[in-house]
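Report on the structure
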Amino acid sequence: LLCPCGRFSCCRRQIGGGILKQVSEAYRKLRGTLRFLLGNLADFDPAQHAVPHEQLPAVDRWLLAKHAQLMAEVQQAYDTYQFRRVFQACLNFVSVELSSFYLDAAKDRLYIQDSASSSRRACQTVQAAVLQGLLSAIAPLVPHMAEDAWLNLPQPSRAAASSNNSSSSDSSSGAESVFLAGWAASEQQWG
């Protein structure tokens, strides 16, 4: 499904090697970013370690604001069945704001600072929120990738995501599927 929603406005066009290469590169970029986010949340329990929005550094608040804009755009695109727009918005966010800027700058906080430092926990707070939002946004387009990432979320993060989402079936242990977790709504203060 990634190919039709990402590249074509209709399915009557021919698929060539160049188009397949572009789609596979986009898929790998998205998958690699999800893996990076998941890898940095292994020791993060939102109930214990989450940093309140007002205590986050400016760069973290900036990314949450960009994430809130993304989620609003994705919601509007889904409401009007513009799947290509959803794909492009998510890929642009992952490529530009997230990977090329924020995650590159966050590596020092994640890898050099003490695991209990407030700066590292602030970064993990933002990464958990962004990951949960991205998973709910991409799930209809790349369901296997979203489900695989959801199942690899650390259990405390999955439970927190389920309790924060609009419709959750079992928030105490976390939804069993990204599709049961509901839509990851952005906090009002982010935007």
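Before reading further, recall that the structure is shown in the block above.
Residues numbered from 1 in each chain as written. Predicted model: local features only at pLDDT ≥ 70, side-chain atom pairs only at ≥ 80, totals over all residues. Heavy atoms only, no water.

**Digging into the overall build of the chain**
Each helix and strand counted, the chain has 9 helices and 0 strands in total. What you see in the chain, going N to C, is helices and strands ordered as α-α-α-α-α-α-α-α-α. Here the analysis covers contacts within the chain between residues at least 6 apart in sequence; of these, 68% occur between residues at least 24 apart. With the model as given, the accessible surface of the chain reaches about 9,600 Å², and the carbon-plus-sulfur share is 51%. (Helix = DSSP H or I, 4+ residues; strand = E, 2+ residues; numbered from the N terminus. Contact = heavy atoms within 4.5 Å. Areas by Shrake-Rupley, 256 points an atom, 1.4 Å probe, with all protein chains shown as cover.)

**Here we look at helix α6 (residues 118–138)**
Taking 1.5 Å of rise per residue, 21 residues should cover 30 Å, and α6 covers 30 Å from first to last C-alpha, within 8% of that figure. Among the 21 residues of α6, 19 are classified as buried, and the element is accordingly described as predominantly covered. (Expected span 1.5 Å × (residues − 1). Buried < 20%, exposed > 50% of the residue type's maximum accessible area, 1.4 Å probe, protein only.)

**Observations concerning the packing of helix α2 (residues 17–39) against helix α5 (residues 83–111)**
Between α2 and α5, whose axes approach to 10 Å, the crossing angle comes to 35°. The interaxial crossing formed by α2 with α5 has left-handed handedness. Contact residues: α2 offers A26, K29, L30, T33, F36 and L37, while α5 offers F87, L91, V94, S95, L98, S99, L103, K107, L110 and Y111. The residue inventory of the contact of α2 with α5, partitioned by class, reads 11 nonpolar, 3 polar and 2 charged. (Axes fitted to C-alpha atoms, helices over the stretch in contact; angles between N-to-C directions. Left-handed = near helix turned anticlockwise from the far one by under 90°. Nonpolar A, V, L, I, M, F, W, Y, C, P; charged D, E, K, R; others polar.)

**Brief notes about unusual backbone geometry**
Positive phi is not limited to glycine here, since Y81 has a value of about 60°. In this structure, Y81 sits in the loop between α4 (58–79) and α5. Using a relative accessible area of 64% as the deciding quantity, one classes Y81 as exposed.

**Side note on the packing of aromatic side chains**
Under the counting rule described, the total for this entry stands at 5 aromatic pairs. Taken together, a centroid distance of 6.4 Å and an interplanar angle of 80° make the contact between F36 and Y111 edge-to-face. One end of the pair, F36, is in helix α2; the other, Y111, is in helix α5, and 75 residues separate them in sequence. Plain terms: the ring middles of W62 and F101 are 5.2 Å apart, the flat faces sit at 85° to each other, and that makes the pair edge-to-face. One end of the pair, W62, is in helix α4; the other, F101, is in helix α5, and 39 residues separate them in sequence. (Phe/Tyr/Trp six-rings, centres within 6.5 Å; stacked < 30°, edge-to-face > 60°.)

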